[in-house]
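# Breakdown of the fold
This is what each chain is made of:
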Amino acid sequence: MKMTSDEVVKTLLLMVMSGIPVAFMSFDFMYPNISTPSMEKNLLVLFLVSILAGLGPGYFLKRTSTAMMNVILYVAFGYALAVVLYSAPYSLYDLELVLPSFYYAIFFRYTVILLFLFVLGGFMGVVFGQLVRDSISREETRFSWTKRDE
Amino acid sequence: MRLWKSVRRHWFSVMLYTAFSVFFLAASLLSAATYVHVVDAHERIHLEEASHSASILPNGTLLITFSIEIANPTRYDVSLYTVSWEAVVFNGTSGPTWIIPVASEYRGSSESPLVPAGSDMAFSYSSHVTDPLTLHRLKGYINYTVSQGGSVTLETLPYVHGFTAYGWLGDFEHEYLREFYLNDLARITLDYDSRWYA
């Protein structure tokens, strides 16, 4: 599968833009009491936002395979970003650890199951996004032919 | 250039998608900043100005006093749910009963004081020790020390003062049992033991 430079840039942009909600949802799931706004560990809300995150790649990327791959990419990127947010007080500000030992293990233990939700929601979002794009495209085509007929 | 053309063509969708992403970016940064402030608060809230004394009143009663301050320079209030103080003497010569409790005070959650953000709160305690058994044990300790060549009185006994305060930071509510791992994040524990500074 050969990608043009435009497609690569677009894929990277989409990866970053859809990865940010994934990062927030993972962080929020770990610390619902300090997050603003918090989804309060509501899995249905998380799933719906995952679908929304997948809409972008589905709508903007024409190839389904690229869009699906983009879901994997943005989930990985977002999760890595969540780990950065989670470790911010210690890695960026050199503060003393508050939570007990196995600091990162606790994070993975509580949030790793969300990855399935993000990927599943992302795939569904991709399908919806492509449906929306195709629908708009069909409508535009219909309008343009109608104009020519007139 | 093709990308830019595509963005201009789908400007409304791009705008919606960007707003969606920017919203979560702002939420992520805000939440991470709160997290940093909360962890920082654990380091900045501390005990200070501890002082203690023991004196004999004119009527012969032993008076033990202790005072300490909780300094809260952070942006969050701290609602204390347990505050306790105790003064003891460790008697290394009397076997199993080697701790002689002299005075103590405990405040539970029903009367939990609030330490407002950016302020200090002082705690002062005083206790008249009149219990004959306690005085008897203290005097026994003194007599033994004197018999060994030492010099100590009721006023100069090595009283050990311990102060502990537990409180919740800010308004970060969570489920105490189900989300037990958040307890350490939102709970402030302050400990003082006069032996650390002896």
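Parameters at a glance
Residues numbered from 1 in each chain as written. Chains lettered and ligands numbered in written order. Predicted model: local features only at pLDDT ≥ 70, side-chain atom pairs only at ≥ 80, totals over all residues. Heavy atoms only, no water. Helix = DSSP H or I, 4+ residues; strand = E, 2+ residues; numbered from the N terminus. Rg over C-alpha atoms; globule rule 2.2 N^0.38 Å. Buried < 20%, exposed > 50% of the residue type's maximum accessible area, 1.4 Å probe, protein only. Contact = heavy atoms within 4.5 Å. Areas by Shrake-Rupley, 256 points an atom, 1.4 Å probe, with all protein chains shown as cover. Lys, Arg positive; Asp, Glu negative; His and termini not counted. Charge placed at Lys NZ, Arg CZ, Asp CG, Glu CD. Buried area = accessible area lost by both parts, 1.4 Å probe. Salt bridge = Lys/Arg side-chain N within 4 Å of Asp/Glu carboxyl O. Polar contact = N/O pair within 3.5 Å; in protein donor to acceptor, adjacent residues only side chain to side chain. Pairing = 2+ DSSP bridges.

Along its length, chain A carries five helices and zero strands. When the helices and strands of chain A are read in sequence order from the N terminus, they spell out α-α-α-α-α. Relative to the globule expectation of 15 Å for 150 residues, the C-alpha radius of gyration of chain A, 19 Å, shows a markedly less compact shape. Within chain A, the fraction of its 150 residues that count as buried is 47%. Counting contacts in chain A only where the partners sit at least 6 residues apart, residues at least 24 apart contribute 74% of the total. Counting every atom, chain A has about 7900 Å² of accessible surface; 69% of that belongs to carbon and sulfur. Counting 11 positive and 11 negative side-chain charges, chain A places the averaged centre of each group 9 Å from the other.

Helix and strand counts for chain B stand at four helices and eight strands. Relative to the globule expectation of 16 Å for 198 residues, the C-alpha radius of gyration of chain B, 27 Å, shows a markedly less compact shape. Each principal axis of the C-alpha distribution contributes one length, and for chain B these read about 100 × 30 × 30 Å. With 198 residues in all, chain B has 41% of them scored as buried.

It is worth spelling out the interface of chain A and chain B at this point. Across the boundary between the two partners, chain A contributes 43 residues, which contact 38 residues of chain B. Around 3500 Å² of area is buried between chain A and chain B when both sides are counted, 70% of it from carbon and sulfur atoms. Our count for the contact surface shared by chain A and chain B stands at two salt bridges. Here Lys 41 of chain A ties to Glu 179 of chain B by a salt bridge, and the two come within 3.4 Å at their closest N and O atoms. Inspection of the chain A/chain B interface yields 15 residue pairs in polar contact (both at pLDDT 80 or more).

The next point concerns the pairing of strand β8 (residues 187–193) of chain B. All names here are of chain B. Burial runs high along β8: five of the seven residues are buried. Where strand β7 (residues 159–169) meets β8, seven bridges bridge the pair, whose relative direction is antiparallel. Pairing of Tyr 166 across the sheet is with Thr 189, part of β8.

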